[in-house]
Amino acid sequence: MALWLQDSIAVRAVRIASVIALYWLVSIPMVFLNKYIFSSDDVKLNAPFFITWYQCLVSTALSWICLVAANRFAPHADIKWLGISPEVDPNVSPQLIMKILPLSVCFVAMVGFNNLCIKYVAVSFYMVVRSLATFFNVVFMFLLLNRTTSYRAMTCCLFIIIGFLLGVDQEDRGGTLSWLGVFFGIASSLFAALNGVFTTRVLPSVNNSPMKLALCNNLNACLLFLPFILLFGEYREILVFPRLNDLNFWFFMTISGILGWSVSLVTSLQILVTSPLTHNISGTSKSCVQTLIAVIWYDEFKTVLWWLSNMLVLLGSASYTFVRHMEMELKQIIPQKPVVST
């Protein structure tokens, strides 16, 4: 039995609260730091693919260091949420790289479009413009996995879509809408849904290790981003960038990579210590708080309808999570009808 199941209620409550707090403390600063790096007047580096490439490079290095350290100093360690076990080693073969390549293409598109989205939209609008991932997840579950969705879950998706459209309308009326940012947000949501589908398919290839998958995925991403850096001429921007030798710039770049890497690991920890339902509720609540912080931090004025759009997205997302959880619980409770032989 897992250790936390043997603890007292008070100890479990403290552990769960600590993990949720850690998730919030890692993921919220990451969004604001990415906004600073991608669109701040202090940075002024118009090279989003290079910045994303560097973040993936940091994630690759951290994943490799963790696997090597565990393999050398704790060969018998079994840390499930990190994906570290005696069966997982830091070696990466060309065959494994090619097997994970389809997932890596989706990952590159998801991360690339996501960072371009945060470059062009306000942090306060980020939650709404990235809210269609749930809808695309339903679509791809049907198209790729042939899994149908209940009418109640589809109704929840309808709330998300209405909230998204209302949010876009209100941003447009407020004069702060970037249609390019909206496009990047939709594209990122689409590939985020695809990324989830492909992840479940390739995890067995790495012994169900999130750490090994992060290593392979980010290593592929480092290679896949290079042609975009050359194609869009970002290398010229980098060569004339005045802060190329500025340690503060590289400090913030490195921290953004560490936070991005940490979010994926803390997500696994939160799901393991709590449950997928609690994780989704935590993520939805975090997005709400993140929006409030952004409105206050950037001193923005928002209309009642703008806030309504956010509430619709939050309501739809939370309801979808709850409905899907109840449906899964119901499938486990209802016994299968016995087969009567004649």
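Just so we're clear, the structure is a prediction, and the values are computed from it rather than from any experiment.

Quick look at the overall build of the protein chain
In step 1: Across its full length, the protein chain holds 13 helices and zero strands.
In step 2: Starting at the N terminus, the α and β elements of the protein chain follow one another as α-α-α-α-α-α-α-α-α-α-α-α-α.
In step 3: Over its C-alpha trace the protein chain gives a radius of gyration of 21 Å, about what one expects of a compact globule, namely 20 Å for 342 residues.
In step 4: Judged by the C-alpha coordinates and their principal axes, the protein chain covers about 80 × 55 × 45 Å.
In step 5: When the 342 residues of the protein chain are sorted by exposure, 47% land in the buried category.

As for the nonpolar core
In step 1: The biggest cluster of nonpolar side chains holds 63 residues, and the ones touching the most others in it are Leu 45, Phe 50 and Phe 125.
In step 2: With nine residues, the single largest contributor to this core is helix α2 (residues 9-39).
In step 3: With residues near it in sequence (within four places) discarded, Leu 45 still touches Phe 50, Ile 51, Glu 237, Phe 241 and Phe 249.

Some points on the pattern of salt bridges
In step 1: Using the criterion set out here, one finds five salt bridges in the structure.
In step 2: In this structure, Asp 169 engages Arg 173 in a salt bridge whose closest nitrogen and oxygen atoms are separated by 3.0 Å. Placement of the pair is Asp 169 and Arg 173 together in helix α7 (residues 151-173), with a separation of four residues, close to one helical turn.
In step 3: On the basis of relative accessibility, which here comes to 29%, the residue Asp 169 falls in the partly exposed class.
In step 4: Through salt bridges with shared partners, a single network forms among Glu 171, Glu 300 and Lys 302.

A closer look at the packing of α7 against helix α13 (residues 304-333)
In step 1: Remark: α7 packs on α13, axes separated minimally by 8 Å, with the N-to-C direction vectors making an angle of 160 degrees. In terms of orientation, α7 lies roughly antiparallel with respect to α13. The way α7 lies across α13 gives a crossing that is left-handed.

With respect to the side chain of Asn 220
In step 1: Relative to the helices and strands, Asn 220 resides in helix α9 (residues 210-231).
In step 2: At 2.9 Å, the side chain of Asn 220 and the side chain of Ser 104 are in polar contact.
In step 3: Those residues in contact with Asn 220, other than ones at most four positions away along the chain, are Ile 97, Ile 100, Leu 101 and Ser 104.

So, α7
In step 1: The end-to-end C-alpha distance of α7 is 33 Å, a good match for the 33 Å that 23 residues give at a rise of 1.5 Å each.
In step 2: Among all positions in α7, only Ala 153, Cys 156, Cys 157, Ile 160, Gly 163, Phe 164, Leu 166, Gly 167, Val 168, Gln 170 and Glu 171 are buried.
In step 3: Lining the buried residues of α7 we find α5 (123-129), α6 (133-145), α8 (179-202) and α13.
In step 4: Looking one or two residues past α7, Gly 175 carries a phi angle of roughly 75 degrees, positive in sign.

What to know about the packing of α6 against α7
Helix-helix packing is described using two parameters, namely the angle between the two axes and the distance between the axes.
In step 1: Here α6 crosses α7 at 135 degrees, and the two axes come no closer than 9 Å. Classified by the angle between their axes, α6 and α7 sit oblique to one another. Crossing of α6 over α7 shows left-handed handedness. Residues Thr 134, Phe 135 and Val 138 of α6 touch α7, and the partners they reach there are Cys 157, Ile 160 and Ile 161.
In step 2: Counted by class, the contact of α6 with α7 contains five nonpolar, one polar and no charged residues.

A short note on the confidence of the model for the protein chain
In step 1: On average, residues of the protein chain score 86 in pLDDT, and 93% of them reach the 70 mark or higher.
In step 2: In this model, residues 1-6 is a region of pLDDT below 50 whose contacts with residues beyond four sequence positions or in other chains number six contacts.

Focus on the environment of Ser 256
In step 1: If you trace the backbone, Ser 256 turns up in helix α11 (residues 247-273).
In step 2: Among the residues examined, Ser 256 registers a relative accessible area of 3% and is labelled buried.
In step 3: Separated by 197 residues in sequence, Ser 256 and Ser 59 have C-alpha atoms that sit 9.9 Å apart.
In step 4: Setting aside chain neighbours within four positions, we find Ser 256 in contact with Leu 33, Asn 34, Ile 37 and Gln 55.

Examining unusual backbone geometry
In step 1: In this model, Asn 207 sits at a positive phi of 55 degrees, which is unusual for a non-glycine residue.
In step 2: The residue Asn 207 is located in the loop between α8 and α9 in this model.
In step 3: Although it is not a glycine, Asp 299 sits at a positive phi angle of roughly 55 degrees.
In step 4: Structurally, Asp 299 is set in the loop between α12 (276-297) and α13.
In step 5: Given a relative accessible area of 69%, Asp 299 falls into the exposed group.

Rules and cut-offs
- Per chain, the residues get numbers from 1 upward, laid out in the order the sequence is written.
- This being a predicted model, a pLDDT of at least 70 is required before a residue's local features are given, and a value of 80 or more before pairs of side-chain atoms are given or counted; all residues contribute to the totals for chains, interfaces and linings.
- To get the side-chain values, take all heavy atoms of the structure and skip hydrogens and water.
- A run of H or I in DSSP becomes a helix once it reaches four residues, and a run of E becomes a strand once it reaches two; helices and strands are each numbered from the N terminus.
- As a reference, a globule follows 2.2 Å times the number of residues to the power 0.38, and the radius of gyration itself is taken over C-alpha atoms.
- Three exposure classes are used, based on accessible area relative to the maximum for each residue type with a 1.4 Å probe and protein chains only: buried under 20%, partly exposed in between, and exposed over 50%.
- Take the buried Ala, Val, Leu, Ile, Met, Phe, Trp, Tyr and Cys residues and link them wherever side-chain atoms come within 4.5 Å; each set so joined is a nonpolar core.
- Only heavy atoms enter the contact rule, under which two residues are in contact if any of them lie within 4.5 Å.
- Take a side-chain nitrogen of Lys or Arg and a carboxyl oxygen of Asp or Glu: if they are within 4 Å of each other, that pair is a salt bridge.
- In this analysis, axes come from line fits to C-alpha atoms, helices being fitted only over the stretch in contact, and the angle between any two N-to-C directions falls in the range 0 to 180 degrees.
- Each angle is binned into one of four classes, with values under 35 degrees roughly parallel, values over 145 roughly antiparallel, values of 65 to 115 roughly perpendicular, and all other values oblique.
- Helix crossings are classified by the rotation of the near helix relative to the far one: an anticlockwise turn of less than a right angle makes the crossing left-handed, while a clockwise turn makes it right-handed.
- Nitrogen and oxygen atoms within 3.5 Å of one another constitute a polar contact, given that in protein one can donate a hydrogen and the other can accept it, and given that sequence-neighbouring residues count only through two side-chain atoms.
- Helices are assigned an expected span. That span is 1.5 Å times one less than the residue count.
- All amino acids are sorted into three groups, where Ala, Val, Leu, Ile, Met, Phe, Trp, Tyr, Cys and Pro are nonpolar, Asp, Glu, Lys and Arg are charged, and the leftover types, Gly among them, are polar.
- pLDDT expresses, on a scale from 0 to 100, how confident the predictor is about each individual residue.

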